[in-house]
Amino acid sequence: MIRDITLGQYYPADSVLHRLDPRVKFIGTLVYIVSLFLFKSWGYILGTLFLGAAIWISKVPFKFMVKGLKSILVLLFITLFFNIIFTPGEVLIKLGFISITREGLILAGRMAIRLVYLIMGSSIMTLTTTPNQLTDALERLMKPLAVIHVPVHEISMMMSIALRFIPILLEETDKIMKAQIARGADFETGNLIKKVRNMVPLLVPLFVSAFRRANDLALAMEARCYHGGTGRTQMKPLRYAKQDYVAYGILLVYLGISIAARGLLGW
């Protein structure tokens, strides 16, 4: 299960999406997320086509993309369950005090599609963009906030480091878990309280490793004379190319169609 989490990982490939400016991909992800909450029914076909085209262009294997969904199965099932039983409407099935309504099934289906597409759409951005590119994109997009003395560079750096540490800590967790299992630890059997207690041999070394990595990173940044974003320049400044403007045009058309489908067609 731990190895199935793809959030924060970068998949190297030679594709159009990999070569796009990271600001375009960040804004494109936001546009796609907004469009998911505009759709009602048939509009999800448009969202599916857009997502499928993005996955195909990115050259990221579809199996690798779907693998990242395994980590949210529990959250997905909980969301579906509560939407089905707590949404009032036309009762289809009644099991004791639990009532399954038609409106609940429709709402649960919409929420499931939104959650799955949201994860996959966000994963495309992280899989095709390096952490350094994400940092530069966030810093450039939030640059207007520097006028009101918002530490834009520091915020971007923290978000980038946090995103980069996700796959590292997951890999460390997998190694520690295998080492503890080899020593006789049991993380599967027992009731809930016992399972929580069994997690102590995993959490303690994981926290120690995380603090050690954070300290090593701080020392490395100090050794390279890092003192924040004031006066710093970029080795590879972000510049828009022709393909980036074309991508912005496609995003504008997609957003326009999504709004029209919601307002005029009721999709």
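The structure reproduced in this document is the subject of the present report. Being a predicted model, the structure only gives us computed values, none of them experimental.

### What about the overall build of the protein?
When you go through the protein residue by residue, the secondary structure sums to 11 helices and two strands. C-alpha extents for the protein along the principal axes are approximately 65 × 60 × 40 Å. Considering the protein as a whole, with its 267 residues, one finds that 33% of them fall into the buried category. Put simply, 74% of the contacts in the protein that link residues at least 6 apart link residues at least 24 apart. Taken as a whole, the protein presents about 16700 Å² of accessible surface, with 70% of it coming from carbon and sulfur. Looking at charge distribution, the protein has the averaged site of its 30 positive side-chain charges lying 4 Å from that of its 16 negative ones.

### What to know about the pattern of salt bridges
Summed over the entire model, instances satisfying the criterion amount to five salt bridges. Between D21 and R23 there is a salt bridge, with the nearest N and O atoms lying 2.9 Å from each other. For D21, a relative accessible area of 4% corresponds to the buried category. Residue E172 is joined to R213 by a salt bridge in which the shortest nitrogen-to-oxygen separation is 3.1 Å. Here the residue E172 occupies a position in helix α8 (residues 152-182), and R213 occupies one in helix α10 (residues 200-223), the gap between them amounting to 41 residues. Residue classification places E172 among the buried positions, given a relative accessible area of 15%.

### A closer look at the nonpolar core
The biggest cluster of nonpolar side chains holds 27 residues, and the ones touching the most others in it are L51, M65, M120 and I124. Broken down by secondary-structure element, the contributors of at least two residues to this core are α2 (22-36), α3 (43-58), α4 (62-67), α6 (102-127) and α11 (242-263). No other element matches α6, which puts seven residues into this core. Sequence-distant contacts of I124, defined by excluding residues within four places in its chain, comprise L17, L51, A54, I55 and M65.

### Regarding the packing of helix α7 (residues 131-141) against α8
Angle between the axes and distance between the axes: these two values describe a pair of packed helices. As a packed pair, α7 and α8 sit with axes 9 Å apart at the nearest point and diverge in direction by 150 degrees. Classified by the angle their axes make, α7 and α8 are roughly antiparallel. Helix-helix and strand crossings are classified by hand; for α7 and α8 the assignment is right-handed. Contacts between α7 and α8 involve P131, L134, T135, L138 and E139 from the former and V152, H153, S156, M157, M159, S160, L163 and R164 from the latter. Residues of the contact of α7 with α8, tallied by class, amount to seven nonpolar, four polar and two charged.

### Let's talk about the packing of aromatic side chains
What the rule picks out here adds up to 10 aromatic pairs. Plain terms: the ring middles of Y32 and Y254 are 6.3 Å apart, the flat faces sit at 25 degrees to each other, and that makes the pair stacked. Taken together, the residues Y32 in helix α2 and Y254 in helix α11 connect sequence positions 222 residues apart. By relative accessible area, which is 4% here, Y32 ends up buried. Take Y254: its relative accessible area is 4%, and that puts it in the buried class. Between Y240 and Y245 the ring centres are 5.7 Å apart and the planes differ by 50 degrees, which places this aromatic pair in the tilted class. Of the residues examined, Y245 reaches a relative accessible area of 53% and is grouped as exposed.

### With respect to α3
A rise of 1.5 Å per residue sets the reference length of α3, with its 16 residues, at 22 Å; its end C-alpha atoms lie 23 Å apart and thus fit the reference within 8%. Looking only at α3, the buried set comprises G43, Y44, G47, L51, A54, I55 and S58. On an axial view of α3, the arc spanned by its buried residues comes to 110 degrees, and they lie on one face. When the buried face of α3 is taken as reference, the exposed residues oriented beyond 90 degrees from it are L49 and W56.

Calculation criteria
Residues numbered from 1 in each chain as written. Predicted model: local features only at pLDDT ≥ 70, side-chain atom pairs only at ≥ 80, totals over all residues. Heavy atoms only, no water. Helix = DSSP H or I, 4+ residues; strand = E, 2+ residues; numbered from the N terminus. Buried < 20%, exposed > 50% of the residue type's maximum accessible area, 1.4 Å probe, protein only. Contact = heavy atoms within 4.5 Å. Areas by Shrake-Rupley, 256 points an atom, 1.4 Å probe, with all protein chains shown as cover. Lys, Arg positive; Asp, Glu negative; His and termini not counted. Charge placed at Lys NZ, Arg CZ, Asp CG, Glu CD. Salt bridge = Lys/Arg side-chain N within 4 Å of Asp/Glu carboxyl O. Core = buried A, V, L, I, M, F, W, Y, C linked by side-chain atoms within 4.5 Å. Axes fitted to C-alpha atoms, helices over the stretch in contact; angles between N-to-C directions. Parallel < 35°, antiparallel > 145°, perpendicular 65-115°, else oblique. Left-handed = near helix turned anticlockwise from the far one by under 90°. Nonpolar A, V, L, I, M, F, W, Y, C, P; charged D, E, K, R; others polar. Phe/Tyr/Trp six-rings, centres within 6.5 Å; stacked < 30°, edge-to-face > 60°. Expected span 1.5 Å × (residues − 1). Arc of directions from axis to C-beta.

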